[in-house]
Amino acid sequence: MTWIDVSQPLHADVATWPGDTKFSYDIAWPMAESGSVNVGKMTLSLHLGTHIDAPFHFDDHGKRVIDLDPSVYIGPARVIHLPHKAKIEASDLDGHDLTGVERLILKTDGWPDKRVFPETIPELKPSLADRLGELGIFLIGLDLPSVDAIDSKEMDAHHALARNGVHILEGLVLDNILPGDYDLNAVPLPLVEGDGSPVRALLRRVKSGENHE
């Protein structure tokens, strides 16, 4: 099965958190000057597009990106569809068999136009984080720019997920992804001081009964 790119392309017009650093790319050393190569530079927020949050993002004493185990972001993942929600809580997982699932991806359809930063999104409630912890799920991915409400200052979902040992992958592009089982690859950059990191997130559909490798 082929890998499917579920990350947002990075370009000057990519939707950015209000007030955050926009993406820019420039040729810092053009071939006309170097004589042999073009060398580019880019500026961006670490929470732009498809990215992971390190605990340091919302906790001054939390781990930074370099401290996170890359294997968290590689391996079997389950995609479930939870559309038309203002909030997502533990009861929304009722009816979904998540036995043995360690990485859960929520397709919420709550950010339909990735070209425009949303004014509101479905927010994850602490009860969901508690349920994920009980199930042994250690990564939550979703098609939203945050697990909390856009205007949240308390960051309740971020903190609740961290308490339950659940890592965060945000900004996925899941429009053409069906519910089911996949292999995930969304490894962050080895940023020593990073509070987050852009990723190129890939999914590969797993056939029923197929072993994950």
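Given the structure is predicted, the values throughout are model-derived calculations rather than measurements. Within any chain, residue numbers begin from 1 and follow the written order of that chain's sequence. The predicted origin of the model limits local features to residues at a pLDDT of at least 70 and limits the giving and counting of side-chain atom pairs to 80 or more, whereas totals for whole chains, interfaces and linings rest on all residues. For side-chain calculations, the full set of non-hydrogen atoms in the structure is used, while hydrogens and water are omitted.

**Some remarks on the overall build of the protein chain**
Here's step 1: When you go through the protein chain residue by residue, the secondary structure sums to three helices and 13 strands.
Here's step 2: Radius of gyration means the value over C-alpha atoms here, while the globule rule gives 2.2 Å times the residue count to the 0.38 power. The C-alpha radius of gyration of the protein chain comes to 18 Å, within 12% of the 17 Å expected for a compact globule of 213 residues.
Here's step 3: Seen through its principal axes, the protein chain has C-alpha atoms that stretch 60 × 40 × 35 Å.
Here's step 4: Sequence-distant contacts in the protein chain: of pairs separated by 6 or more residues, those separated by 24 or more amount to 73%. By definition, any uninterrupted DSSP run of H or I lasting at least four residues is a helix, any uninterrupted run of E lasting at least two residues is a strand, and each is numbered from the N terminus. Whether two residues are in contact is decided by their heavy atoms, any of which lying within 4.5 Å being enough.

**Quick look at the sheet that holds strand β7 (residues 103-107)**
Here's step 1: One open sheet holds the nine strands; their spatial order is β1-β13-β11-β5-β7-β9-β10-β4-β12, and the pairing between them is mixed. Every interior strand has two partners, whereas the edge strands, β1 (3-5) and β12 (196-198), have only one. Across the sheet, the mean angle separating the axes of adjacent strands is 30° when strand polarity is ignored.
Here's step 2: Inspection of the sheet shows strand β9 (residues 139-142) paired to strand β10 (residues 167-170) by three bridges, in the parallel sense. When the sheet's bridge partners are listed, G141 is paired in β10 with L169. One requirement defines pairing of two strands: DSSP has to find at least two bridges between them. In this description, a line fitted to the C-alpha atoms serves as the axis of each element, helices being fitted only across the stretch in contact, and the angle between N-to-C directions of two axes falls anywhere from 0 to 180 degrees.

**Some thoughts on the nonpolar core**
Here's step 1: Take the buried Ala, Val, Leu, Ile, Met, Phe, Trp, Tyr and Cys residues and link them wherever side-chain atoms come within 4.5 Å; each set so joined is a nonpolar core. Each residue is assigned to one of three classes by its accessible area relative to the maximum for its type, calculated with a 1.4 Å probe on protein chains only: buried under 20%, partly exposed between the two thresholds, exposed over 50%. One finds L104, L106, L124, L132, I140 and L161 to be the most contacted residues of the largest nonpolar core, which totals 27 residues.
Here's step 2: Of all the secondary-structure elements, those providing two or more residues to this core are β7, α2 (126-135), β9 and α3 (156-163).
Here's step 3: Not counting chain neighbours up to four residues away, the residues in contact with L104 comprise R78, I80, L93, L98, L132, I137, L139, I140 and G141.
Here's step 4: Residues L68, L139, L172 and V199 belong to the second largest nonpolar core, which totals 21 residues.

**Focus on the environment of I4**
Here's step 1: Looking at the element boundaries, I4 is found in strand β1.
Here's step 2: Residue class for I4 comes out partly exposed when judged on its relative accessible area of 33%.
Here's step 3: The spatial distance from the C-alpha of I4 to the C-alpha of F23 is 24 Å, given a sequence separation of 19 residues.

**Describing the side chain of R78**
Here's step 1: Looking at the element boundaries, R78 is found in strand β5 (residues 74-81).
Here's step 2: A polar contact is formed between the side chain of R78 and the backbone oxygen of D97, at a distance of 2.6 Å.
Here's step 3: Contact partners of R78, with chain neighbours within four places excluded, come to D97, L98, V101, R103, L104, I105, G180 and D181. What qualifies as a polar contact is a pair of N or O atoms within 3.5 Å, subject to a donor-acceptor requirement within protein and to the restriction that residues adjacent in sequence count only when both atoms come from side chains.

**Notes on the pattern of salt bridges**
Here the idea is simple: oppositely charged side chains can pair when their charged atoms come close.
Here's step 1: The term salt bridge refers to a side-chain nitrogen of Lys or Arg lying within 4 Å of a carboxyl oxygen of Asp or Glu. For the coordinates displayed, the defined rule picks out eight salt bridges.
Here's step 2: The salt bridge involving R200 is made with D5; its shortest N-O contact spans 2.8 Å. Residue R200 is located in the loop between β12 and β13 (202-205), and its partner D5 is located in strand β1; the two are separated by 195 residues in the primary sequence.
Here's step 3: The exposed category is assigned to R200, whose relative accessible area is 60%.
Here's step 4: When the shortest N-O distance is used, the salt bridge between R204 and D183 registers 3.2 Å. Of the two residues, R204 sits in strand β13 while D183 sits in strand β11 (residues 180-185), which places them 21 residues apart along the sequence.

**What about the packing of aromatic side chains?**
Here's step 1: Two rings from Phe, Tyr or Trp (for Trp, the six-membered ring) form a pair when their centres are within 6.5 Å of each other. A pair whose planes differ by under 30 degrees is stacked, one over 60 is edge-to-face, and the rest are tilted. Under the definition given, this model contains two aromatic pairs.
Here's step 2: Centroid distance W17 to F117: 4.8 Å. Interplanar angle 55°. Geometry classified as tilted. Residue W17 is located in the loop between β1 and β2 (24-29), and its partner F117 is located in the loop between β7 and β8 (123-124); the two are separated by 100 residues in the primary sequence.
Here's step 3: Both rings, one in W111 and one in F117, keep their centres 6.0 Å apart while their planes meet at 65°; by these two values the pair is edge-to-face. For the pair shown, W111 and F117 are each scored as buried.
Here's step 4: Members of the aromatic cluster, each reached through a chain of ring pairs, are W17, W111 and F117.

**What about α3?**
Here's step 1: Three or more residues of α3 are buried, namely A157, H158, A160 and L161.
Here's step 2: In the core, the buried residues of α3 are packed alongside β4 (51-53), β8, α2, β9 and β10.
Here's step 3: G165, located one to two residues past α3, shows a positive phi value of around 70°.

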